[in-house]
Structures are given as C-alpha cells and as structure tokens.
Amino acid sequence: MDEQDPKEDVVETTFRNGTVTTVGILLAFSLGFITHWAANPIPWQTHHLIAVLPILVGIALQMRALAMLLDLKSLQRRVFERANRIFITGLVFTACGVGGAILLDFFAISARSVVPGG
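This report concerns the structure included in the present document. (Residues numbered from 1 in each chain as written. Predicted model: local features only at pLDDT ≥ 70, side-chain atom pairs only at ≥ 80, totals over all residues. Heavy atoms only, no water.)

1. Concerning the side chain of S30
Line of reasoning, step 1. Relative to the assigned elements, S30 resides in helix 1 (residues 13-38).
Line of reasoning, step 2. Exposure remark for S30: the relative accessible area of 6% places this residue in the buried category.
Line of reasoning, step 3. Apart from residues no more than four positions distant in its own chain, S30 is found in contact with I59, Q62 and T94. (Helix = DSSP H or I, 4+ residues; strand = E, 2+ residues; numbered from the N terminus. Buried < 20%, exposed > 50% of the residue type's maximum accessible area, 1.4 Å probe, protein only. Contact = heavy atoms within 4.5 Å.)

Next up, the structure:
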C-alpha cells in the first residue's frame, strides 16, 4: 500500500502565516499604486487600458490568493501551493501593468516637454 505520512501534506502554520503577511503587504502596495495612479494629473486615455487591465487582473488574483490563504484549508500543501501560484501569477500581471503605466506616463510627459521647433 502507498501510505503517506499525513504530516507531509500539511504546511506549518508559522510558514503559512508569513506567506499571508507577504501576500497582504504586496496586495496593499498594488492597491496603493492603482489608487495613486488614478489620482495622477495626466488625463486618462483609452490606451491606458493597456496598463490598467493587467493591474486589475493582477490585483484580483492577489485577492483570490489571500482569500485562499486565510482559509484553514490552506494548511494542506496542495491548497497552499495553488494559492502561491495564483499569487505569483497576479504579481506578474500587476508588475507588467505597472511597467506599462510607467512607460505610458514617461511618454506622455516626454511628449509635453518637447520644445516646439527644436
């Protein structure tokens, strides 16, 4: 018989709690960025959706991961690992959106500061 030790499939609570803290902090930074960017004085254009959509998808995935990690079932290794994969995916989406937002703002500021006739 293929018997497994039940302790092998369980994540230590201290480790899980650290992960929950990390996910919560990075989610807060993501929400803070989108809030700060929304208050940016540069007028929003349709092309800003290129950056906003990945950020929002990333934030939604990070929120899903946090919800999964707060559940007691996240002490099971497979649930914990799935939540981590969802979080990392959300983080990648958010990072791509933030990079796009920075580039869009850079180009908008550059276009405004071009000296006419220069």
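From this point, things continue past the structure.
2. Regarding the environment of F80
Line of reasoning, step 1. The residue F80 is located in helix 3 (residues 77-112) in this model.
Line of reasoning, step 2. Taking the C-alpha atoms as reference points, F80 and V10, separated by 70 residues in sequence, lie 9.0 Å from one another.
Line of reasoning, step 3. Those residues in contact with F80 that lie beyond four places of it in its chain are V11, F15, R16, T19, L69 and S74.

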